[in-house]
Amino acid sequence: MFRINPSLITFFVSVLGIFLTSSEPGICGVVSVVEKPIAKYTIGESHVYGRYVVRTIDDENAAGQDVKVCEKSSNSHSCAPNAEILNLKNDMGQWFAGVSGKYLFIDLGTSAGPRGIDVYDLESKKKIFSGSYTGSVELKGGQLHFWSETGEANRQNCPEIDKWQSSGGGAAIETRVIFDLEKLTLSKTKEVRCEYQE
C-alpha cells in the first residue's frame, strides 16, 4: 500500500504558510511555541510533553478538532488516572497549535485570516486570552507577538484598498500587539499597517 511520509506533509504545509516557524527552538504549528513533544503517536494523535498529554480527535462533521488535555503519568507516556485537565469540543474550526510550559495554544478558523487564538493556563484550567490575528503568532520570552485588526481602512490610510476591493477582497488597519502570558496584559506597539483581508 502506498504511504505518504508524514514529515513531507508537514514540510509542504509549512511552505504553504498554514504552519508558521518560530524564532525560538520549538515545534512547527499554527502558533509558534517553544516546547517539543517528547513523543507523538499518530493513532488518536497524542502529543506527549513533560507534564501533559494532548489528544486531538478530528471532527467528522465539521472542520476542526476536539482537544483533550490530561496530566502525564510519571512512568509512561499515557494519562495519569483521573487526571483530565481540559476537554475542548470543536467549535468554529478549532485546532491544537501547541504547548509551552503550562500554556495550551488553540488556533481558530477555517480560512487564511483573520484567525482566532485562544490560550489556556493548564494549571488553573482556565482560558486566559482570546483574540484574533493575521499572519503569524510568535512566542518570545513569555509574550505573544502578532498583528491584530484595530481600525477601518479607507483611501487615506490604505492606498491599495481600491485594488483589493475590486478583486473581491477587503482591507483593515492592523497594529502589532503583545500579550504577556504572566501579567495577562495586551499592549499595542507603534507598528501599524494596512493589510489585505479575504
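Details of the structure are given in the entry above.
One structure accompanies this document, and this report is about it. (Residues numbered from 1 in each chain as written. Predicted model: local features only at pLDDT ≥ 70, side-chain atom pairs only at ≥ 80, totals over all residues. Heavy atoms only, no water.)

## Here's the deal with the pairing of strand S6 (residues 94-100)
- In terms of burial, S6 is a largely internal element, 6 of the 7 residues being buried.
- Summarising the sheet, S6 and strand S7 (residues 103-108) pair through 6 bridges and their orientation is antiparallel. Of the residues in S7, the one forming a bridge with serine 100 is tyrosine 103.
- Turn length for the S6-S7 hairpin, with the two strands adjacent in sequence and antiparallel, is 2 residues, and the turn residue glycine 101 shows positive phi of about 60 degrees. (Buried < 20%, exposed > 50% of the residue type's maximum accessible area, 1.4 Å probe, protein only. Helix = DSSP H or I, 4+ residues; strand = E, 2+ residues; numbered from the N terminus. Pairing = 2+ DSSP bridges.)

## Side note on the state of the cysteines
- All told, the structure shown has 2 disulfides when counted by the stated rule.
- Across a sulfur-sulfur distance of 1.9 Å, cysteine 158 and cysteine 194 are joined as a disulfide pair. The chirality of the disulfide connecting cysteine 158 with cysteine 194 is left-handed, given an S-S dihedral of about -75 degrees. Note that cysteine 158 is positioned in the loop between strand S10 (143-152) and helix H2 (161-166) and cysteine 194 in strand S12 (residues 185-197), a separation of 36 residues in sequence. The pair formed by cysteine 158 and cysteine 194 is uniform in burial state, with each residue classed as buried.
- Once the disulfide-bonded cysteines of the chain are ranked by sequence position, their pairing pattern turns out to be 1-2, 3-4. (Disulfide = S-S within 2.5 Å.)

Taken by themselves, the reported measurements are silent on function.
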